[in-house]
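Residue-level listing of the chains:
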Protein chains: 2
Amino acid sequence: MTERIGILAIGHGSKLPYNKEVVTQIADYIAQKHTNVVVRTGFMENSEPTLEEAIEGFSGTGVTKVAAVPVFLASGVHITKDIPEILSLDENGCGTLEIDGKTIPLCYAKPLGADELIADLVFKRAQEAL
Amino acid sequence: MTERIGILAIGHGSKLPYNKEVVTQIADYIAQKHTNVVVRTGFMENSEPTLEEAIEGFSGTGVTKVAAVPVFLASGVHITKDIPEILSLDENGCGTLEIDGKTIPLCYAKPLGADELIADLVFKRAQEAL
């Protein structure tokens, strides 16, 4: 069976539209660059789709493995507690999804963290403002 | 007078240590790479220093201009409302700071936003997990 990777990009969500816009655009960039990867977005608060709806969105895509990636700068309560509960992850951040009647592995990724790429982007934003 | 740029890196803050750790590390990367720039961090919630304390931290550094950069993925209420109020910014995102008895310009930068660099980082986090 051909392996087909899914990415569940998890956003914080917001009452304002900006978080959803940014997370969706990031997901679109990934999908455009990696055309064999299936990318879906889900949100923790106020924005839709929810995580559950996002997971349903993998139906019919043939994904054989999914990485759940928090599109958050840093870890926090959503990442340490809420998302693992919703996704029924074990202590190692592993779980399964039922997609089209098949059980496939689900792996939990780390948030963005303090990468030098982000430092460069913060510096660029400062230069743009000055 | 020699120009000396300051960057006020504004983090969300959290009851957990991770947001402060990430924002502080990002600020350290900028300071290491741009040694003529003065970088200070301040937080909106739960973490210290506050924005006010961070601004006091520019005292004695000789900064002549400061960019306030929200180290947030996307805009939200802190960015559209709270930070402009605390920094007394005008409609164009401009203001001033009083540092060592001098009035210097303060410019408000955009948050990170949906940059392709971040999409690449999300994809890398997915690969690490799979």
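Residues numbered from 1 in each chain as written. Chains lettered and ligands numbered in written order. Predicted model: local features only at pLDDT ≥ 70, side-chain atom pairs only at ≥ 80, totals over all residues. Heavy atoms only, no water.

Convention followed: UniProt positions are given in the numbering used here, feature names are shortened, and annotations may be inferred rather than shown by experiment.
Looking at an unreviewed UniProt entry, one finds chain A named Sirohydrochlorin cobaltochelatase, with Methanosarcina flavescens as its source organism. Here is the UniProt Sequence similarities (unreviewed entry) comment for chain A, exactly as written: "Belongs to the CbiX family. CbiXS subfamily." The record held by UniProt for chain A lists under Subunit (unreviewed entry) the comment "Homotetramer; dimer of dimers."

**A word on the UniProt feature "binding site: substrate" (unreviewed entry) in chain A**
Cut-off, in case you're wondering: The numbering of helices and of strands both runs from the N terminus, where a helix is a DSSP run of H or I of at least 4 residues and a strand a run of E of at least 2. By definition, residues are in contact when any of their heavy atoms lie within 4.5 Å. N or O atoms within 3.5 Å of each other form a polar contact, as long as, within protein, one can give a hydrogen and the other can take it, and as long as residues adjacent in sequence are counted only when both atoms are side-chain atoms.
The UniProt record marks E48, L73, A74, S75, G76, V77 and H78 of chain A with the feature "binding site: substrate" (unreviewed entry), using the residue numbering of this structure. Within the secondary structure layout, L73 of chain A lies in the loop between β3 (65-70) and α3 (77-86). Residues contacting L73 of chain A, with those up to four places away along its chain left out, are P111, L112, G113 and I118 of chain A together with V22, V71, F72 and L112 of chain B. The residue H78 of chain A is located in helix α3 in this model. Those residues in contact with H78 of chain A, other than ones at most four positions away along the chain, are H12, M44, E45, F72, I83, P84 and Y108 of chain A. Engagement of the side chain of H78 of chain A in a polar contact is seen with the side chain of E45 of chain A, the distance being 2.7 Å.

**A look at the side chain of D115 of chain B**
Where we set the bar: Classification of residues uses two cut-offs on accessible area relative to the type maximum, computed with a 1.4 Å probe and protein chains only: under 20% is buried, over 50% is exposed, and between them is partly exposed.
Within the fold, D115 of chain B resides in the loop between β5 (102-108) and α4 (116-129). On the basis of relative accessible area, D115 of chain B is assigned to the buried category, the value being 14%. In terms of polar contacts, D115 of chain B uses its side chain to reach the backbone amide nitrogen of L117 of chain B, at 2.9 Å. Setting aside chain neighbours within four positions, we find D115 of chain B in contact with Y29, L121, K124 and R125 of chain A.

**Considering the sheet that holds β5 of chain B**
Under the convention used in this document: When DSSP finds two or more bridges between a pair of strands, those strands are recorded as paired. The axes used here are C-alpha line fits, helices contributing only the stretch in contact, and every angle between their N-to-C directions lies in the interval 0 to 180 degrees.
What the five strands build is an open sheet, ordered β2-β1-β3-β5-β4 (chain B); its pairing is mixed. Each edge of the open sheet is held by one strand with a lone partner, namely β2 (38-43) and β4 (94-99) of chain B. Across the sheet, the axes of successive neighbouring strands diverge by a mean angle of 30°, strand direction being ignored. Its contacts with the sheet put helix α4 (residues 116-129) of chain A on β1 (5-11), β3 (65-70) and β5 of chain B, and the angle it makes with β3 of chain B is roughly 130°. In this fold helix α3 (residues 77-86) of chain B packs onto β1, β3 and β5 of chain B, with an angle of close to 170° to the strand it touches most, β5 of chain B.

**Things to note about the packing of helix α1 (residues 18-33) of chain A against α4 of chain B**
The geometry of a pair of packed helices is captured by two quantities: the angle between their axes and the separation between those axes. We count it as follows: These descriptions rest on fixed angle ranges, namely under 35 degrees for roughly parallel, over 145 for roughly antiparallel, 65 to 115 for roughly perpendicular, and the rest for oblique. We call Asp, Glu, Lys and Arg charged. Ala, Val, Leu, Ile, Met, Phe, Trp, Tyr, Cys and Pro are nonpolar, and the rest, Gly among them, are polar.
At their nearest, the axes of α1 of chain A and α4 of chain B sit 9 Å apart, and the two run at 70° to each other. If you check the angle between α1 of chain A and α4 of chain B, you find them roughly perpendicular. For the pair formed by α1 of chain A and α4 of chain B, the contact residues are I26, Y29, I30 and K33 of chain A on the first element and E116, I118, A119, D120, V122 and F123 of chain B on the second. For the contact of α1 of chain A with α4 of chain B, the per-class residue count stands at seven nonpolar, no polar and three charged.

**Considerations on the pairing of β2 of chain B**
Residue and element names in this part refer to chain B. Definition in use: Handedness of a crossover is defined as follows: orient the strands so they point away from the viewer, and if the path from the first strand over the helix to the second runs clockwise, the crossover is right-handed.
Among the six residues in β2, five count as buried, and that is most of the element. Judged from the six bridges that link them, β1 and β2 form a sheet pairing that is parallel. Pairing of I7 across the sheet is with V39, part of β2. Between the parallel pair β1 and β2, the chain is carried across by helix α1 (residues 18-33), and the sense of this crossover is right-handed.

**Some details on the interface of chain A and chain B**
This is how the line gets drawn: Each of two parts loses accessible area, computed with a 1.4 Å probe, when they are put together; buried area is these two losses added. Here a salt bridge means any side-chain nitrogen of Lys or Arg lying within 4 Å of a carboxyl oxygen belonging to Asp or Glu.
Each partner contributes to the interface: chain A provides 47 residues, whereas chain B provides 47 residues. Both faces considered, chain A and chain B share a buried interface measuring about 4300 Å² in area, 80% of it formed by carbon and sulfur atoms. Applying the counting criterion to the chain A and chain B interface returns four salt bridges. Linking K124 of chain A and D115 of chain B is a salt bridge whose minimum nitrogen-to-oxygen distance equals 3.7 Å. Where chain A touches chain B, the interface holds six residue pairs in polar contact (both at pLDDT 80 or more).

**Some words on the UniProt feature "binding site: Ni(2+)" (unreviewed entry) in chain A**
Residue and element names in this part refer to chain A. Within this structure's numbering, the places UniProt gives as "binding site: Ni(2+)" (unreviewed entry) are H12 and H78. Across 67 residues, the annotated set stays spatially compact, with a maximum C-alpha separation of 8.1 Å. With respect to the helices, strands and loops of the structure, H12 is situated in the loop between β1 (5-11) and α1.

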